[in-house]
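# A closer look at the structure
The chain contents come next:
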Amino acid sequence: MLRKKMMTLALCITLLASVLTACGGGNNDKGQTASNGEVSPDSSNSTDNPYKDPMTISLGFWDADAEIANIEKDPIAKQVLEKFNITLKPVNMTWDDYTQKIQMWAASGQLPDIFAIDAVGTQYQRKWVEQGVVKALPDLSKYPNLAKYFESPDIKGLGVDGKYYTVPRRMFPSVDWSALDRMVFYRWDLAQKAGITKEPETWEEFEAMLDAIVKSDPEGKHITGLTTTTTKMLGGFFWLYGNPVATSDGSGSDFKWIKEDGKFIPAVFSKKALPALQNMKNMYEKGLIDPDIALVKPAESYDNFVAGKAAALLSGGGFINLNSDMYEKRWKTAYPDKDIMESVKALKPLIGPDGERSHAIFKTYWSESYFSNKVDDKKMDRIMALYDYVLSPEGKDLLTYGIEGVDYKIENGQKVVIEKGSLNEKYPASRFLKNLVAYETSDSYNMDNPTIANEGIRKEAVDYIDWIQNNTKVPEYDIRLTYLSTPTKDKFTVLDHDDLLKIMLSKEPVESYWNNIVNDYKAKGLDKMIEEVNAKAKEQGIE
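A short tour of the structure in this document, coming up. Note that the structure is predicted; figures quoted are calculated from it, not measured.

Moving on, we get to the pattern of salt bridges. What the rule picks out here adds up to 31 salt bridges. Lys 332 is paired through a salt bridge with Glu 425; the nearest N and O atoms lie 2.8 Å apart. Of this pair, Lys 332 sits in helix 13 (residues 318–334) while Glu 425 sits in helix 17 (residues 423–426), and the two are 93 residues apart along the sequence. Classification of Glu 425 by relative accessible area gives partly exposed; the value is 44%. Linked through salt bridges whose partners overlap, the residues forming this network are Lys 198, Glu 201, Glu 205 and Arg 357.

This is the structure we're talking about:
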């Protein structure tokens, strides 16, 4: 017993030393330049510690209560926050209410110090800047990794009169990677039990598979067809039937423009919209879409899919969420002897009526951090220092690979994973801390990266994005028109997911209901916006 205790003590000392080494690697190297040119931030252990005074920072983030509670169970997240002497105070919001809550907090002067939302280009984001509701970022030269982050063209372009008011959460290096953020997973095991022998490649084959599963109900659970984790994602799938440029991230302001009949129009109002809407409506009326889809909640949707109560699931987060929200939280407990990738398949982009395989198209970032105007300069400096550290090589390695010598080692200049278990489970708050600043999800699609802990899922993930880049084509559109500012466009939103849901649930014919929706947009200034955008595009030489 004594020997066992001594071994345990030795292991704890080793672990603590490794944590301190990893988190405080810059103790003797203030302002150290890394091999890739990025700069490690100053250490908190300096005798002239700029972070010696403790600071509480309130944070509005999705499920903040649960995420911040996990910090106590995560030695890495604790060490990072202790490095900057920060305590995070959760201000909870959910995927269902975050937009409304933040607008209400902004109107009533109750914004948390940091809050997360997808608001770039929206009318209320412009007002926050104009009215001084959000604080401008300070001179970034003091935060070299953050400054480097802002050198990316689509992030650099977010400046307003020479100032930045947000830190966007970058996800992908190009729009092709957007395919990962609106994915459909389906129960291949149940499809096979229903007599399906070929994985679907066309919309017709996908419908036939859902129809077979729903009608045969292989496990007697009154299974439904396609469901989703949130109705905001509906447009990311159903527009792919011949009108893929209309796919939206749900913010209402990211609508893209195409040229039709000699002028630029938002793609969502293209002639191609009606066939896509009719295809969706047909699927709903055939019973291939969850009849309760308007009421879905993320956790409930994952539960239903894993339990075999839904044949397919439209979700965000790609294979990273497949690993964490489906496999780790549910599947491996429900089916300990069943390989998830033998039972669950990722739907490759279907061949549409135009003969193309199309995937969703978004910006290379999704959602942003904003900072209340009540944050004073001292607190803002602490927040920026934390963000800078998370973006530094040291911070990225620690939050992604864990502790060197414990979770990974370096061999021939490469990181080699030692820990075979899930780092998400071992360090349950590290991913949250990383995502607070930037998602950088594309980094995870690498066989040497442990973020997707299940190696079978990781292999599928790497193969999937390779397949996407070799077999799909991004249709033409000009992103400059999405960012272009005109008086009417600045106030205009297109909440297409709400429109799709209304059409799906309506008893009216699709065409007449869609015409009513378009007329509502016209009443809000659609035609005027199109005139303004075309005039300004001409001025700027955009053809």
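More follows now that the structure is in view.
Here we take up the side chain of Glu 260. Mapped onto the elements of the fold, Glu 260 is located in strand 7 (residues 257–260). The buried charged residue Glu 260 lacks any salt bridge partner; its closest oppositely charged side chain belongs to Lys 271, at an N-O distance of 5.1 Å. Contact partners of Glu 260, with chain neighbours within four places excluded, come to Ile 265, Ser 270 and Lys 271.

Attention now goes to the sheet that holds strand 6 (residues 224–228). The four strands lie next to each other as 6-9-5-10, forming an open sheet whose pairing is mixed. Both edges of this open sheet fall to strand 6 and strand 10 (344–346), since each of them pairs with a single strand only. Between one strand axis and the next, the sheet turns through 20° on average, direction left out of account. Bridge count between strand 5 (residues 183–187) and strand 9 (residues 310–315): four bridges; the pairing is antiparallel. Residue pairing in the sheet places Phe 185 in a bridge with Leu 313 of strand 9. Helix 12 (residues 298–306) rests against strand 5, strand 6, strand 9 and strand 10 of the sheet, and its axis sits at about 145° to strand 9.

Spanning 14 residues, helix 9 (residues 203–216) covers 20 Å between terminal C-alpha atoms, matching the ideal 20 Å at 1.5 Å per step. For helix 9, the full list of buried residues reads Trp 203, Phe 206, Glu 207, Met 209, Leu 210, Ala 212 and Ile 213. Those residues of helix 9 that are buried lie in contact with strand 5, helix 8 (188–193), strand 6, helix 10 (235–238), helix 11 (273–285) and strand 9. Positive phi shows up at Asp 217, right after helix 9, with a value of about 40°.

Rules used throughout
Position numbers for residues start from 1 in each chain and track the written sequence from start to end. Given that this is a predicted model, residues contribute local features only at a pLDDT of at least 70 and side-chain atom pairs are listed and counted only at 80 or more, while totals for whole chains, interfaces and linings are drawn from all residues. Just so you know, side-chain values use all the structure's heavy atoms and leave hydrogens and water out. Each reported salt bridge corresponds to a side-chain nitrogen of Lys or Arg within 4 Å of a carboxyl oxygen of Asp or Glu. Helical segments are the DSSP runs of H or I of at least four residues, strand segments are the runs of E of at least two, and each set is numbered from the N terminus. We call a residue buried when its accessible area falls under 20% of the maximum for its residue type, exposed when it is over 50%, and partly exposed in between, using a 1.4 Å probe and counting protein chains only. In this tally Asp and Glu are treated as negative and Lys and Arg as positive; neither His nor the chain ends contributes. Contacts: residue pairs with any heavy atoms within 4.5 Å of one another. When DSSP finds two or more bridges between a pair of strands, those strands are recorded as paired. Angular values range over 0 to 180 degrees, each being the angle between N-to-C directions of two axes fitted as lines to C-alpha atoms, with helices fitted over their stretch in contact. One less than the residue count of a helix, multiplied by 1.5 Å, gives the span that helix is expected to have.

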